[in-house]
Number of protein chains: 2
Amino acid sequence: MRSFINFTPGPSQLYFTVEDHVRKAFRDSVPTLSHRSKVFESIYRETANGLRALLGVPDNWYILFTSSATEVWERIIENLVEEQSHHFVNGAFSLRFCEIAQQLNRKAAFTRVLEGQAFINNTIPSPAELIALTHNETSTGVSLPLEFIHGFKARYPNSLVAVDAVSSLPYPQFDFTKIDTLFFSVQKGFGLPAGLGVWMINEACLSKAETLLSKGICIGSYHNLVSLVSHARKNQTPETPNVLGIYLLGKVVQDMLRRGIEVIRRETEYKAALMYNLLTQHDQIKPFVTAKEHQSKTVIVADCGNYTDSLTKYLQQKGLSPGDGYGKFKTTQLRFANFPTHSKEQFELLVDSIEAFKE
Amino acid sequence: MRSFINFTPGPSQLYFTVEDHVRKAFRDSVPTLSHRSKVFESIYRETANGLRALLGVPDNWYILFTSSATEVWERIIENLVEEQSHHFVNGAFSLRFCEIAQQLNRKAAFTRVLEGQAFINNTIPSPAELIALTHNETSTGVSLPLEFIHGFKARYPNSLVAVDAVSSLPYPQFDFTKIDTLFFSVQKGFGLPAGLGVWMINEACLSKAETLLSKGICIGSYHNLVSLVSHARKNQTPETPNVLGIYLLGKVVQDMLRRGIEVIRRETEYKAALMYNLLTQHDQIKPFVTAKEHQSKTVIVADCGNYTDSLTKYLQQKGLSPGDGYGKFKTTQLRFANFPTHSKEQFELLVDSIEAFKE
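Note that the structure is predicted; figures quoted are calculated from it, not measured.

1. A word on the overall build of chain A
- Helix and strand counts for chain A come out as twelve helices and 15 strands.
- In summary, chain A has a C-alpha radius of gyration of 20 Å against a globular reference of 21 Å for 359 residues, a match within 12%.
- Seen through its principal axes, chain A has C-alpha atoms that stretch 65 × 55 × 30 Å.
- Looking at chain A as a whole, 64% of its 359 residues are labelled buried.
- Taking as baseline every contact in chain A between residues at least 6 positions apart, the subset at least 24 positions apart corresponds to 71%.
- Within chain A, one finds 37 positive and 36 negative side-chain charges whose respective centroids are separated by 2 Å.

Written out as structure tokens, the structure reads:
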């Protein structure tokens, strides 16, 4: 199979060190480790501590492992919402979070704007136990400004604030005093094989789950927060988890720490600027998100109109694999992931190639 | 790290072809495949069809992927039980299935016998929507006879029969007309890295889930049966799954099909007979399960009493790694997995070593 540079927004290009880590994992028998062994506990600890250092997660937050961010959507609703959540919906993934709340028989209210747009003000029309925000809408490339996300807590101190950062972490620097739970999956910005979600929560989330449980409300079984946290305190998981995935995440996080999160952020901004500059000046291809403050740095969506198909083929001939537009935009847009694994050189090649594209 | 032959009952020794398959997967960019791509659909199809051929799963059953067998416990209760399940409990894992039903606020009745024992007759005292059976109790090495498992359907045609075969498949040959759902996780008999569960269901299970849903009962969200089956029909999954895990399972199943399931079954029985013969004749070390018809072929538990620690060290010096006893038996028992990856030669070495053991 020919090797491409993969710019799809997930599963995306592997982080460039992953294959070496897999080889070492097999040499060290990581795939056959018991999840009740001391070695596994040290792997859990290393991965969790690495994430704390990389993302600035406070010591009093818990770092939990699930099988996907999709699972986290479900667990958040089960554990943190008795009756009513409120969702800010501006694309397919923020909508799915809201639908999951409805499937779990909660009253899920929402504020909805068109694809490609963000929200005007951070108010909710009626009280909600949980406010659900999607930092980076992977389907459209809209990123909510951090001030917007951080603006809820003071206004709604009794609501928990949940942030889906599936396709933006490790880039954004959240203020953990202004949010209550944050989650992502590893096959996007962390460049790992799919099959692992990371769910970070504060004490308020645990208390809420305990309260629901004490009322006799079902909060799930092995992956309810009480069970997850009681195991996490021992650096364990309730079930046999994706041990290899947790190990690989820890190793990639160590690699990112060596590179430095500030370098990663600066490079992310440099690469995003290259692409948006090009799109803004291009005759045929335009940025889908026009408001500069809402343009995602990590998933850049281009309106390519009639050129979508020919541009895709042209890029593929150069060994560059763009992501399709999402859903109804499949034939008119392309999406470009700008993750830590995509080097400046790869992005310069991508941008230069698009610039040189002639129909 | 020194290389051991791993006889722990899970995660156990990798199937001997896994590392080669991982190398090929990375060469072919499997870890970065989109789960909405045609290539992924063909991987799903190959794995599901391979399992059908290997285990004799009928064409009208659905083969679904979850993150673990623990998850399947939860999903079975959510989707197949409105009020009442009945569990046959004879160890830690059959008990956990029952507890999960209780955590999900169902009335979970149970028939319980002591560890090391099986059940006298297959009757339940009061009607249950689901009868939950653990074919092979990994904690104690008790295997329920297939006639026992198959005996419920005629007696209780209105109950669904669920069979946990986590640590016995691919060895047992179930009669799929006598059960309704069957599941396992890949890190035991299939010798794969943990992080994937396989859930097989018939049409009656799907109908039950649809009935609960139509009554407004919550059956979960992305992994409810309606969602799982509608995606499985397209050889897809609702969420981004453990793509690499599904690929590796398919490859190992193909390897097993080439070897032949009958050969695997015969070798399993040969290796089990070697071990039980030894234990029956040994002065200090005895089989924990004494009734021959309940002795598991795939997880053999030895009562080692005061010799547990010294036998463990002795075996480890020979590069043989036994599994600890489970729970309260940790200091007095050892468990030996007898899975398809454990060769006749490896088992002969194990048995000869135990035979030569002198305190």
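After presenting the structure, the write-up continues.
2. Points about the packing of aromatic side chains
- This structure, assessed with the given rule, holds 36 aromatic pairs over all chains.
- With a centroid separation of 5.6 Å and 80° between ring planes, the pair formed by F7 of chain A and F347 of chain A is classed as edge-to-face. Of this pair, F7 of chain A sits in the loop between β1 (5-6) and α1 (18-27) while F347 of chain A is found in helix α12 (residues 344-356), placing the two residues 340 residues apart along the sequence. The residues F7 of chain A and F347 of chain A share a single accessibility class, namely buried.
- For the ring pair F288 of chain B and F329 of chain B, a centre distance of 5.1 Å and an interplane angle of 50° mean the geometry is tilted.

3. Description of the interface of chain B and chain A
- Across the boundary between the two partners, chain B contributes 43 residues, which contact 43 residues of chain A.
- Regarding the contact of chain B and chain A, the summed buried area is about 3,600 Å², with carbon and sulfur atoms giving 58% of it.
- The largest contributions to the chain B side of the interface with chain A come from F26, T32 and Y222 of chain B, which together make up 16% of the buried area.
- At the junction of chain B and chain A, the tally comes to two salt bridges.
- Close ionic contact of R75 of chain B with E74 of chain A constitutes a salt bridge, the shortest N to O distance being 2.9 Å.
- Counting the contacts that link chain B with chain A gives six residue pairs in polar contact (both at pLDDT 80 or more).
- Secondary structure elements with two or more residues in the side of chain B that touches chain A: α1 (18-27), α3 (69-80) and α4 (92-103) of chain B.
- With five residues, the top contributor of residues to the side of chain B that touches chain A is α3 of chain B.

4. Focus: the pairing of strand β3 (residues 84-89) of chain B
Residue and element names in this part refer to chain B.
- Counting buried positions along β3 gives six out of six residues, so the element sits mostly inside the fold.
- Covered by surrounding structure in β3 are Q84, H86 and F88 together with S85, H87 and V89, the residues of both alternating faces.
- Where the polypeptide runs from β3 across α4 and back to strand β4 (residues 107-112), its parallel neighbour, the crossover connection is right-handed.
- Note that β3 and strand β5 (residues 130-134) share three bridges and pair parallel. By the bridge assignment, H86 is partnered in β5 with I131.

5. Quick look at the confidence of the model for chain A
- When pLDDT is averaged along chain A, the result is 96; 99% of the residues meet or exceed 70.
- Confidence metrics for the complex model read pTM 0.97 and ipTM 0.96.

6. A look at empty space enclosed by the protein
- The tally for this structure, following the rule as stated, stands at four cavities of 30 Å³ or more.
- Taken as a whole, the largest cavity spans an internal volume of roughly 180 Å³.
- Taken together, 16 residues make up the lining of the largest cavity; nearest its centre are N242 and L244 of chain A together with N242, L244 and G245 of chain B.
- When its residues are assigned to classes, the lining of the largest cavity shows twelve nonpolar, four polar and no charged.

7. Description of the relation of the copies chain B and chain A
- When chain B is brought onto chain A, the operation consists of a screw motion whose angular component is 180° and whose axial shift is 0.0 Å, with 0.0 Å RMSD remaining. Within this description, the copies of the chain are treated as partners about a two-fold rotation axis. For chain B, the residue whose C-alpha comes nearest the rotation axis is S67 of chain B, separated from it by 3.0 Å.

8. Concerning the sheet that holds strand β12 (residues 299-303) of chain A
Residue and element names in this part refer to chain A.
- Spatially, β11-β12-β15-β14 is the arrangement adopted by the four strands of the open sheet, whose pairing is antiparallel. Two strands bound the open sheet, and with one partner strand each, they are β11 (286-287) and β14 (323-324).
- Across the sheet, helix α10 (residues 261-281) touches β11, β12 and β15 (333-337), and the angle it forms with β12 is around 10°.

9. Observations concerning the sheet that holds strand β11 (residues 286-287) of chain B
All names here are of chain B.
- Here four strands make up an open sheet; going across it, the order is β11-β12-β15-β14 and the pairing antiparallel. With one partner strand each, in any of the chains shown, β11 and β14 (323-324) form the two edges of the open sheet.
- When β11 meets strand β12 (residues 299-303), the two strands line up antiparallel, connected through two bridges. The residue of β12 that forms the bridge with P287 is A302.

10. Looking at the domain arrangement of chain A
Residue and element names in this part refer to chain A.
- By the assigned domains, chain A splits into domain 1 (18-258) and domain 2 (260-356).
- Here the C-alpha centroids of domain 1 and domain 2 sit 27 Å apart.
- The interface of domain 1 with domain 2 comprises 25 residues on the first partner and 23 residues on the second.
- Contact between domain 1 and domain 2 buries roughly 2,000 Å² in total, counting both sides, with carbon and sulfur atoms accounting for 60%.
- It is E115, G141 and Y171 in domain 1 that bury the most area against domain 2; as a group they hold 28% of the surface buried on that side.
- Between E115 and K328 there is a salt bridge, and its shortest N-O distance comes to 3.5 Å.

11. Details of unusual backbone geometry
Residue and element names in this part refer to chain A.
- Cis geometry marks the peptide bond from L169 to P170, where omega comes out at 10°.
- Tracing the backbone shows P170 in the loop between β8 (160-164) and β9 (181-185).
- Despite not being glycine, S29 has its phi angle at roughly 60°, a positive value.
- Following the sequence through the fold, S29 ends up in the loop between α1 and α2 (38-55).

12. Considering the pattern of salt bridges
Residue and element names in this part refer to chain A.
- Counted by the stated rule, this structure contains 38 salt bridges over all chains.
- Between D20 and R23 there is a salt bridge, and its shortest N-O distance comes to 2.7 Å. With D20 and R23 both in helix α1, this residue pair falls three residues apart, about one helical turn.
- Its relative accessible area of 38% is what places R23 among the partly exposed residues.

13. Comments concerning the side chain of T341 of chain A
All names here are of chain A.
- With respect to the helices, strands and loops of the structure, T341 is situated in the loop between β15 and α12.
- Using a relative accessible area of 7% as the deciding quantity, one classes T341 as buried.
- Dropping the residues within four chain positions of it, T341 is found in contact with Q13, L14, Y15, F16 and Q346.

Calculation notes
- Residues numbered from 1 in each chain as written.
- Chains lettered and ligands numbered in written order.
- Predicted model: local features only at pLDDT ≥ 70, side-chain atom pairs only at ≥ 80, totals over all residues.
- Heavy atoms only, no water.
- Helix = DSSP H or I, 4+ residues; strand = E, 2+ residues; numbered from the N terminus.
- Rg over C-alpha atoms; globule rule 2.2 N^0.38 Å.
- Buried < 20%, exposed > 50% of the residue type's maximum accessible area, 1.4 Å probe, protein only.
- Contact = heavy atoms within 4.5 Å.
- Lys, Arg positive; Asp, Glu negative; His and termini not counted.
- Charge placed at Lys NZ, Arg CZ, Asp CG, Glu CD.
- Phe/Tyr/Trp six-rings, centres within 6.5 Å; stacked < 30°, edge-to-face > 60°.
- Buried area = accessible area lost by both parts, 1.4 Å probe.
- Salt bridge = Lys/Arg side-chain N within 4 Å of Asp/Glu carboxyl O.
- Polar contact = N/O pair within 3.5 Å; in protein donor to acceptor, adjacent residues only side chain to side chain.
- Right-handed = clockwise from strand over helix to strand, strands pointing away.
- Pairing = 2+ DSSP bridges.
- pLDDT = per-residue confidence, 0-100.
- 1 Å grid on protein atoms, 1.4 Å probe; cavity = no way out; pocket = protein on both sides within 12 Å on 5 of 7 lines; lining within 4 Å.
- Points joined across faces, edges and corners; volume = space filled by probe spheres on them.
- Nonpolar A, V, L, I, M, F, W, Y, C, P; charged D, E, K, R; others polar.
- Least-squares fit on C-alpha atoms with pLDDT ≥ 70 in both.
- Axes fitted to C-alpha atoms, helices over the stretch in contact; angles between N-to-C directions.
- Domains from an automatic or database assignment.

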